[in-house]
Amino acid sequence: MDLESLLNPKQLEAVYQTEGPVLILAGAGSGKTRVLTYRVAYLIEQGVNPWNIMAITFTNKAAGEMRERIDSVVGAGSESIWISTFHSSCARILRRYIDRLEEYDNNFVIYDTDDTKSVIKDVAKKLNIDTKRIKERTIMNEISSAKNELMDPELYAEYAGSDFVLSKVADCYFEYQNTLRKNNALDFDDLLMKCVELFKADSEVLAGYQDRFRYICVDEYQDTNTAQFQFVSLLAQASRNICVVGDDDQSIYKFRGANIRNILDFEQIYPEAKVIKLEQNYRSTSHILDAANAVIAHNTGRKVKNLWTDRGEGVPIVYKRLDNAWEESRYITEEIEREVSAGAEYKDFAVLYRTNAQSRSLEESMIMDGMPYRIVGGVNFYSRREIKDILAYLKTISNGRDDLACRRIINIPKRGIGQTSITKLQTYADEHGISFYEAASSREGELLLGRSASKLAPFVNIIDVLRSRNGEITLTDLFDDMMDMIKYEQYLEDLNEEDTEDRLDNIEELRNKLVTYEESAGEPTLDGFLEEVALVADIDNVGEDENRVLLMTLHSAKGLEFKHVFMAGMEDGLFPNSMTIISDNREDIEEERRLMYVGITRAMDQLTLTSAVQRMVRGETQRYPVSRFVLEIPDEYLGESDAPKRKRVSFSTDDIMSTNGKTSVFSGAGPSVKDTSISTDIMSTKPQKYRPAAYKTGTDIPKPYIMEAAAAQRKAVTASSGDSLGYIVGDRVRHTKYGEGIVLEIAPGPRDYQVTVDFDGAGRKIMYAGFAKLQKI
DNA sequence: CCTCCCAAGGTTTTT
DNA sequence: CCTTGGGAGG
């Protein structure tokens, strides 16, 4: 392996420094993954057993990519390198040993945010906590932060002291933890916390893993929280061979408990640490990179670094101010289309935004245009209702102690078991220290329900039968048996909602995932599948081969790169978000700035920033001035630009009022913004000269525009259906599932034509033309 | 027990 | 704007 020709001197240094603590400060685009890959390869070349190497990432996607690259460089033996995310690593360890901690079984289930929320809800109710005064969200966040800081309920109660709200939260925390334990469930944060707890409680287990993981690598170290820090520290305690890679300027997960001090103080914690800075950027042109450097320079307390590139200047950055979100989306769509017709590919583009809500107008614009796109994030596949239902069945089959799952599906499809019955059963279960399912399947439970008792048997029967088959037959067969028995598809169809087809597709997709899992896993088990499913993020499923424009939040974009990046919604109040502008903690706005830095540095060749004069936020029209971050980019890197540059104009109230007369969120930002001199300057900038005519009219999104848009969309649908639907009312058609039938009606729907068909066998169905894929006979 | 309708509240970011 | 949850009626 000729490392010298593959890596630059700094990168080489990082590769050769195999022993002891190492901090690699890897600037954006500096070839971090490359270094990690070759470092692992080099370790093995030096005689280290692959079995003794561990690489930890945050997302499955990052882990997958690293796995792929290491496999391709290392060859034989690479499969025994432990490459995994924090969460799956902990889950894997706990699957083996959690029974050494009290009251947990190794077949625990993992609760996602939704599950957590409903437990919190129950708990708050039980403790008579007024969720109007103390929001469930607050409770969840508090508990999560506590866990990230490794505070158990006792410690938290101490910390809460006599504070009214906090002590209530502490009560919830106790009860919440009890519930989870009873359900044999762990939430995301528990995975880490319990694992650390296990390491601390059981020196034998810890020593075992310390002996195994003699060389540890941690990626994106700037985003680690205290629990993750402890996890890594404990493992590395014996060998001290810990190599962390990160960039303090890309720390963007404080809200999730990430502690930037972990990276900033690394040298204090490991005084013998070797620090290596990777400062050559291989990704972006110098216009883009220098803009990023100029923006991030406004932050304080950074590790000094000087990122440079020899890629040349490239084209200037474009900043464009549009009238509203629609115009903004259309501009972006048209720009992409224009470049595609000039030879670019759709996958060269990404549109990044601060909040998921912004994806809507972009999506609509792209649908209208017929542009292939893909949205990352938003509603997670696994949080869709039908998926959660099916998974709840699987969980109930796998782990009889998960009351939440069981309660969810005991009356889905409807079996006439209502809230009253469920409450009775749960109370009975709680009183007798048994699970909900045990209560439901017991003779006593049945008697409890009186007249409704007979409703239970069919459900219990299904679960019992499936449980007895679990392990005996393949998972796919088990799944199919289950679907047959619960008649879920029938249930969905009977609901007759307009997205039935979508939901059926999703279930098919879930089945595909199960099949894939069963084929790829060494020893496929139901538990294993459920675990894999619980720990996936949306970003994990982004395939590189798809030729589509990617739409995602700035957070999801970390670690990715695109030839041409659009950053939409560059408005002060949206990005930086108004919460952080109002915040009295200066660090909050710095975190937003880091997000800006991450966004800019995703771009290889071109960067386009856009903002809208007005946009709808939560049903209110807001008018935000251009983002201060845009103004932090020096003029020389901006080409054609709509940016109102630092023009001194007084700050008038007109500018901070929303059109409907309600004071916008932004107005609250006044006083605190003045904390920083830079900001004050920006705030006083009035986009006067660039103010479009519509500014004074006080209308929301102009009506004619919406109508125009709707018409265009209708036209688009008509065009595609008129030519390609290939059938009209009265035609006989064939459906893959329902067989043959007659088209009764074709009605325009919001996105697609709704076709009503009277099938010979299956009766009358309403479906979307796009999904049904009907064939004229 | 289920379904429909209206009011309120929510959005920052996610493993 | 859009989703969720609570309350009333069938």
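Residues numbered from 1 in each chain as written. Chains lettered and ligands numbered in written order. Predicted model: local features only at pLDDT ≥ 70, side-chain atom pairs only at ≥ 80, totals over all residues. Heavy atoms only, no water.

## Remarks on the pattern of salt bridges
1) Next: Across all of its chains, the model carries 53 salt bridges by this definition.
2) Next: E364 is the partner of R360 in a salt bridge, and the nearest nitrogen-oxygen pair spans 3.0 Å. Of this pair, R360 and E364 both sit in helix α17 (residues 359-369), four residues apart, roughly one helical turn.
3) Next: The partner of E571 in a salt bridge is R615, with the nearest N and O atoms 2.6 Å apart. Of this pair, E571 sits in the loop between β13 (562-567) and α29 (578-582) while R615 sits in strand β14 (residues 603-617), and the two are 44 residues apart along the sequence. Take E571 and R615: they sit in the same class, and that class is buried. (Salt bridge = Lys/Arg side-chain N within 4 Å of Asp/Glu carboxyl O. Helix = DSSP H or I, 4+ residues; strand = E, 2+ residues; numbered from the N terminus. Buried < 20%, exposed > 50% of the residue type's maximum accessible area, 1.4 Å probe, protein only.)

## Looking at the packing of aromatic side chains
1) Next: Under the criterion given, the structure shown has 19 aromatic pairs.
2) Next: Residues F86 and F231 carry aromatic rings whose centres are separated by 6.2 Å and whose planes lie at 65° to one another, so their mutual orientation is edge-to-face. Pair noted here: F86 is in helix α5 (residues 86-97) and F231 is in helix α12 (residues 226-236), with a separation of 145 residues, a long-range link.
3) Next: Using a relative accessible area of 1% as the deciding quantity, one classes F86 as buried.
4) Next: A ring pair is formed by F199 and Y209, whose centres lie 6.0 Å apart and whose planes are at 50°; its orientation type is tilted. A residue pair is termed long-range when its members are at least 10 positions apart, and F199 in helix α10 (residues 188-201) and Y209 in helix α11 (residues 203-212) qualify at 10 residues. For the pair shown, F199 and Y209 are each scored as buried.
5) Next: One aromatic cluster is present, formed by F58, W82, F86, Y97, F199, Y209, F213 and F231 through successive ring pairs. (Phe/Tyr/Trp six-rings, centres within 6.5 Å; stacked < 30°, edge-to-face > 60°.)

## Topic: the protein's contact with DNA strand B
1) Next: Around DNA strand B, a shell composed of 27 residues is seen, among which F58, K135, R354, T420 and S421 lie nearest.
2) Next: In DNA strand B, atoms within 4 Å of the protein come 61% from sugar and phosphate.
3) Next: At 3.5 Å, a side-chain N or O of K135 approaches a phosphate oxygen of DNA strand B.
4) Next: When its residues are assigned to classes, the surface near DNA strand B shows seven nonpolar, 13 polar and seven charged. (Near = heavy atom within 4 Å. Polar contact = N/O pair within 3.5 Å; in protein donor to acceptor, adjacent residues only side chain to side chain. Nonpolar A, V, L, I, M, F, W, Y, C, P; charged D, E, K, R; others polar.)

## A look at the protein's contact with DNA strand C
1) Next: Around DNA strand C, the neighbouring residues are K121, R360, R618 and G619.
2) Next: Sugar plus phosphate, as a fraction of atoms of DNA strand C within 4 Å of the protein: 69%.
3) Next: Contact distances for DNA strand C include 2.9 Å between a phosphate oxygen and a side-chain N or O atom of K121.

## Focus on the side chain of S398
1) Next: Tracing the chain through its elements places S398 in helix α18 (residues 385-398).
2) Next: Residue classification places S398 among the buried residues on the basis of a relative accessible area of 14%.
3) Next: Excluding anything up to four places from it in sequence, S398 contacts N107, L526, D527 and L530. (Contact = heavy atoms within 4.5 Å.)

## Points about the packing of α18 against helix α25 (residues 488-495)
1) Next: Between α18 and α25, the least distance of the axes is 12 Å, while the angle of their chain directions is 150°. The pairing of α18 with α25 is recorded here as roughly antiparallel in orientation. With respect to the hand of their crossing, α18 and α25 are arranged in right-handed fashion. For the pair α18 and α25, the contacting residues are R385, E386, D389 and I390 in the first and Y488, L492 and L495 in the second.
2) Next: A class-by-class count of the residues in the contact of α18 with α25 yields four nonpolar, no polar and three charged. (Axes fitted to C-alpha atoms, helices over the stretch in contact; angles between N-to-C directions. Parallel < 35°, antiparallel > 145°, perpendicular 65-115°, else oblique. Left-handed = near helix turned anticlockwise from the far one by under 90°.)

## Points about the pairing of strand β1 (residues 22-26)
For a regular strand, the rule is simple: side chains alternate between the two faces of the sheet.
1) Next: In terms of residue burial, β1 counts as a mostly covered element, since five of its five residues are buried.
2) Next: Going residue by residue along β1, you find V22, I24 and A26 tucked away on one face and L23 and L25 tucked away on the opposite face as well.
3) Next: Judged from the five bridges that link them, β1 and strand β8 (residues 274-278) form a sheet pairing that is parallel. Following the sheet pairing, L25 is matched in β8 by K277. (Pairing = 2+ DSSP bridges.)

## Side note on unusual backbone geometry
1) Next: The step from I412 to P413 runs through a cis peptide bond, and the omega angle for that step is -10°.
2) Next: Tracing the chain through its elements places P413 in the loop between α19 (403-409) and α20 (419-432).
3) Next: Along the chain, F575 connects to P576 via a cis peptide bond; the corresponding omega equals 5°.
4) Next: If you trace the backbone, P576 turns up in the loop between β13 and α29.
5) Next: Backbone geometry at L150 places phi at a positive 60°, although glycine is not the residue there.

## Notes on the sheet that holds strand β7 (residues 242-246)
Pairing between sheet strands relies on hydrogen bonds along the backbone, with the strands arranged either parallel or antiparallel.
1) Next: Ordered in space as β3-β2-β6-β7-β1-β8, the six strands form an open sheet in which the pairing is parallel. With one partner strand each, in any of the chains shown, β3 (82-85) and β8 form the two edges of the open sheet. In this sheet, neighbouring strand axes are inclined to one another by 15° on average, regardless of whether the strands run parallel or antiparallel.
2) Next: As paired strands, β1 and β7 are joined by four bridges and run parallel to one another. Along β7, the bridge assignment pairs I24 with V245.
3) Next: Packed onto the sheet, helix α4 (residues 60-74) meets β2 (53-57) and β3 and runs at close to 160° relative to β3.
4) Next: Relative to strand β6 (residues 215-218), α12 is tilted by about 160°, and along the sheet it contacts β2, β6 and β7.

## What to know about a positive patch on the surface
1) Next: On the surface, K117, K121, K125 and R137 cluster together into a positively charged patch.
2) Next: With three residues, the top contributor of residues to the positive patch is helix α6 (residues 113-126).
3) Next: Within the element layout of this structure, K125 appears in helix α6.
4) Next: K125 gets classed as exposed once you look at its relative accessible area, which sits at 68%. (Patch = residues over 30% accessible without salt bridge, like charges linked within 9 Å, V, L, I, M, F, W, Y side chains within 5 Å. Areas by Shrake-Rupley, 256 points an atom, 1.4 Å probe, with all protein chains shown as cover. Lys, Arg positive; Asp, Glu negative; His and termini not counted. Charge placed at Lys NZ, Arg CZ, Asp CG, Glu CD.)

## Observations regarding empty space enclosed by the protein
1) Next: What the rule picks out here adds up to four cavities of 30 Å³ or more.
2) Next: Each pocket or cavity is described by its volume, and for the second largest cavity that value is around 80 Å³.
3) Next: As for the second largest cavity, its lining consists of R95, F108, V109, I110, K395, S398, D527, L530, E531 and A534.
4) Next: No other element matches helix α27 (residues 526-534), which puts four residues into the lining of the second largest cavity. (1 Å grid on protein atoms, 1.4 Å probe; cavity = no way out; pocket = protein on both sides within 12 Å on 5 of 7 lines; lining within 4 Å. Points joined across faces, edges and corners; volume = space filled by probe spheres on them.)

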